[in-house]
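Observations on the model geometry
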Amino acid sequence: MIRSSHRRALALIAAAALAGASGSALAKDPNLGRNLAATCANCHGTNGQAVPGSGLDALAGTPRDKLLQKLNDFKTGVKPATIMHQISKGYTDEQLGLIADYFAAQK
Amino acid sequence: MPNLNQFNRRDFIKAAGAASVAGSTLGLTACAGGASKARGHVVVVGGGYGGTTVAKYLRMWSDRGIDVTLVERNANFVSCPISNLVVAGYKGLDDITVSYEGLKTHWGVRVIKDEVTAVDTAKRTVTLAQGGTLSYDRLVLSPGVDFQWDQVPALNNADAQGKILHAWKAGPQTVALRKQLEDMKDGGVFAISIPKAPYRCPPGPYERASVVAAYLKAKKPKSKVLILDANEEVISKKALFMKAWDDLYKGIVEYRPNSQLTDVDVAGKTALLEFDKVKADVLNVIPPQRTGEIAAKAGLKLINNRWVDINWLTMESTNTPGVHVLGDAIFPAPTMPKSGHMANQHAKVAAAAIINLQSGQEPNPEPVVMNTCYSFVAEKSVIHVASVHRYDAEKKQPMPVAGAGGVSAARNELEAKIALGWAKNIWADMLT
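Our subject in this report is the structure included herewith. Just so it is clear, the structure is predicted and the values come from calculations on it, not from any experiment.

**Considerations on the interface of chain B and chain A**
How big an interface is tends to be reported as the loss of accessible area on association of its parts. Counting residues at the interface gives 49 residues for chain B, matched by 40 residues for chain A. When chain B packs against chain A, close to 3700 Å² is buried across both sides, 59% of that on carbon and sulfur atoms. If you sort the residues of chain B by the area they bury against chain A, B:Trp61, B:Glu366 and B:Asn425 come out on top, with a joint share of 16%. At the boundary of chain B with chain A, the tally comes to one salt bridge. Of the charged contacts, one joins B:Glu366 and A:Lys28 as a salt bridge, the two residues approaching to 3.1 Å between their closest N and O atoms. Taken together, the links from chain B to chain A amount to 19 residue pairs in polar contact (both at pLDDT 80 or more).

**What about the pattern of salt bridges?**
This model, assessed by the stated rule, comprises 27 salt bridges over all chains. Taking the shortest distance from any N to any O, the salt bridge between B:Lys179 and B:Asp183 comes out at 2.8 Å. A residue pair is termed a helical-turn pair when its members lie 3 or 4 positions apart in one helix, as B:Lys179 and B:Asp183 do in helix 7 (residues 172-183) at four residues. Between B:Lys250 and B:Asp246 there is a salt bridge, with the nearest N and O atoms lying 3.3 Å from each other. The exposed category is assigned to B:Lys250, whose relative accessible area is 62%. Via salt bridges that share partners, A:Lys28, A:Glu94 and B:Glu366 belong to a single interconnected network.

**Comments concerning the sheet that holds strand 15 (residues 270-273) of chain B**
All names here are of chain B. What the three strands build is an open sheet, ordered 14-15-16; its pairing is antiparallel. This sheet does not close on itself; its edge strands, each paired only once, are strand 14 (261-265) and strand 16 (277-279). Neighbour-to-neighbour, the strand axes of this sheet turn through a mean angle of 20 degrees, independent of strand direction. Pairing geometry for strand 14 and strand 15, over four bridges, is antiparallel. Bridge assignment links aspartate 263 to a residue of strand 15, and that residue is leucine 272.

**What to know about the sheet that holds strand 6 (residues 116-120) of chain B**
In a beta sheet, neighbouring strands are held together by backbone hydrogen bonds and run either parallel or antiparallel to one another. Residue and element names in this part refer to chain B. Strand order in the open sheet made by the three strands is 6-7-8, with antiparallel pairing throughout. A single partner strand is all that each edge strand has here, and the edge strands are strand 6 and strand 8 (133-135). Strand-to-strand twist across the sheet, computed as the mean angle between neighbouring axes with direction ignored, equals 20 degrees.

**A word on helix 7 of chain B**
All names here are of chain B. With twelve residues, helix 7 should reach 16 Å at 1.5 Å per residue; the first-to-last C-alpha distance of 17 Å fits that figure. By the burial criterion, the buried members of helix 7 are Gln173, Thr174, Leu177, Arg178 and Leu181. Taken down its axis, helix 7 places every buried residue within 140 degrees of arc, on the same side. What points out from helix 7, more than 90 degrees from its buried face, is the exposed set Pro172 and Asp183. Along its buried surface, helix 7 packs onto helix 4 (83-87), helix 6 (158-161), strand 11 (189-194), helix 8 (204-219) and strand 17 (282-285).

**Things to note about the nonpolar core**
With 107 residues, the main nonpolar core has A:Tyr91, B:Val54, B:Leu58, B:Leu139, B:Leu141, B:Val325 and B:Trp427 as its most contacted residues. Setting aside chain neighbours within four positions, we find B:Val54 in contact with B:Val44, B:Val140, B:Leu326, B:Ala347, B:Ala350 and B:Ala351. Core analysis: the second largest hydrophobic core is formed by 53 residues, B:Val87, B:Leu216, B:Tyr255 and B:Val377 among them.

**Topic: the packing of helix 4 (residues 64-76) of chain A against helix 6 (residues 93-104) of chain A**
Residue and element names in this part refer to chain A. Axis separation between helix 4 and helix 6 bottoms out at 8 Å; the angle between their running directions is 145 degrees. Along this stretch, helix 4 crosses helix 6, giving a crossing that reads as right-handed. Residue-level contacts link Arg64, Leu67, Leu68, Leu71, Asn72 and Lys75 of helix 4 to Asp93, Leu96, Gly97, Ala100, Asp101, Phe103 and Ala104 of helix 6. Within the contact of helix 4 with helix 6, the residues separate by chemical class into seven nonpolar, two polar and four charged.

**What to know about the packing of helix 3 (residues 49-61) of chain B against helix 12 (residues 414-431) of chain B**
Residues and elements named next belong to chain B. The geometry of helix 3 relative to helix 12 is characterised by a closest axis approach of 7 Å and an angle of 55 degrees between their N-to-C directions. Judged by the angle between their axes, helix 3 and helix 12 are oblique. Where helix 3 approaches helix 12, its residues Tyr49, Thr52, Thr53, Lys56 and Tyr57 are matched on the opposing element by Trp422, Ile426, Trp427, Ala428, Asp429, Met430 and Leu431. Of the residues contributing to the contact of helix 3 with helix 12, the split by class is eight nonpolar, two polar and two charged.

**A word on the environment of A:Leu96**
Position of A:Leu96 relative to the elements: it lies in helix 6. Each C-alpha atom of the pair A:Leu96 and A:Leu67 lies 9.2 Å from the other, and the pair is 29 residues apart in sequence.

The rules behind the values
Residues numbered from 1 in each chain as written. Chains lettered and ligands numbered in written order. Predicted model: local features only at pLDDT ≥ 70, side-chain atom pairs only at ≥ 80, totals over all residues. Heavy atoms only, no water. Contact = heavy atoms within 4.5 Å. Buried area = accessible area lost by both parts, 1.4 Å probe. Salt bridge = Lys/Arg side-chain N within 4 Å of Asp/Glu carboxyl O. Polar contact = N/O pair within 3.5 Å; in protein donor to acceptor, adjacent residues only side chain to side chain. Helix = DSSP H or I, 4+ residues; strand = E, 2+ residues; numbered from the N terminus. Buried < 20%, exposed > 50% of the residue type's maximum accessible area, 1.4 Å probe, protein only. Pairing = 2+ DSSP bridges. Axes fitted to C-alpha atoms, helices over the stretch in contact; angles between N-to-C directions. Expected span 1.5 Å × (residues − 1). Arc of directions from axis to C-beta. Core = buried A, V, L, I, M, F, W, Y, C linked by side-chain atoms within 4.5 Å. Left-handed = near helix turned anticlockwise from the far one by under 90°. Nonpolar A, V, L, I, M, F, W, Y, C, P; charged D, E, K, R; others polar. Parallel < 35°, antiparallel > 145°, perpendicular 65-115°, else oblique.

The following block contains the structure:
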């Protein structure tokens, strides 16, 4: 049986290794970008593959810089929107970067 | 019955887990590339917005390493969101019905049409109504809500519930309410009773009142819509709903706050309030709600004897680790609505956590969930509310992100198209 204390010990070792590698004190989940991007899927499709004809933008395969620019423009209010100006403000710049990375990597 | 034992991989997991713990002390570098593939058997109870999403995402994110069995009593998924358009006559039930076939064929989810009648959290088994049990490594309950019929005593029987409808679970009740409205005479009164918050889909009753008003205005213009709200004011998108009623349905919609239902006169189609009686031609009672009964039966800790208390990093019950709960059944975090969209988001937090836990990793320490909710105020006019909720490590729950979220500037036709696009995408995100 995997005891939670063992699990925690393992995670601490992994976190220490990660911190050493990245210089960050906080242990990030390796799938953080995937998890954050999944919050977009309700409207933009699983992994950014929106249903064709749904009228909503497919994000899969969008170049990172292009998508990040768009998200930042929504967040700063430069680009008008029905709802994305309100949603994009809920994510940090770092989180938006991870989301853009994830969608850019989708086919 | 098929052989259910083949899905019990708990012993295998135990052995594999022990081996990997033993191995980890010897060679950390071997683990640096990532943990071992997540395995195990997850039983999901309830095939709504939460249950279908967690089933699919567990398969997808575990690279099909986790076996998933989904137990659902209905043959097909029928959506509550958009169902008010069926009540108003703008859509048919087919338009809001999706098969579970995609979960089976595309994702390899085992879908059992049955009902779970008992959970043994010590043995990690669930009992099925049609006989037999299923073993699980982890259980996900996404049971939605059950109605507190004891609070509307006259409706506490099937016969009465077939006459005074709730239509707050989409399906036959939705169609039946549509029929009652079609049969209502011009000049009739449609009265809708709203329970005190929290209940499933905060703006839903106001949306229903609006689109029913739109139908009556076009087809039976002498009729009225009476909103009997137990709350002291409209609890979602207040200004936008009230403006729509004033602009579009003046003389048709009447809003009455602080109108708590105490009981119903079924034969007289009369709502009994504390100090008043309201007779209707079509009386639609949305009763008070609590978690789907199975969560209470399973012995999970409830708050206010109504909603399941959960750990927000894993969506696990606080008193029963290994049992994860999603959607309307849980005690919500501050300002978090009970919505299908939110249940889908809960499901993704749970899927990610289960996969981490089944491969010996900690859950993601900083989950984010968000909500979008579109309400129709007329056939082609929509208003939205949106919010983003970020986990707060000190408060140990998601908190709404300050400055994010909000409502539509005004009702508009563009969002009517987007709302239907939202439905197509979220149904695909859950089921295909």
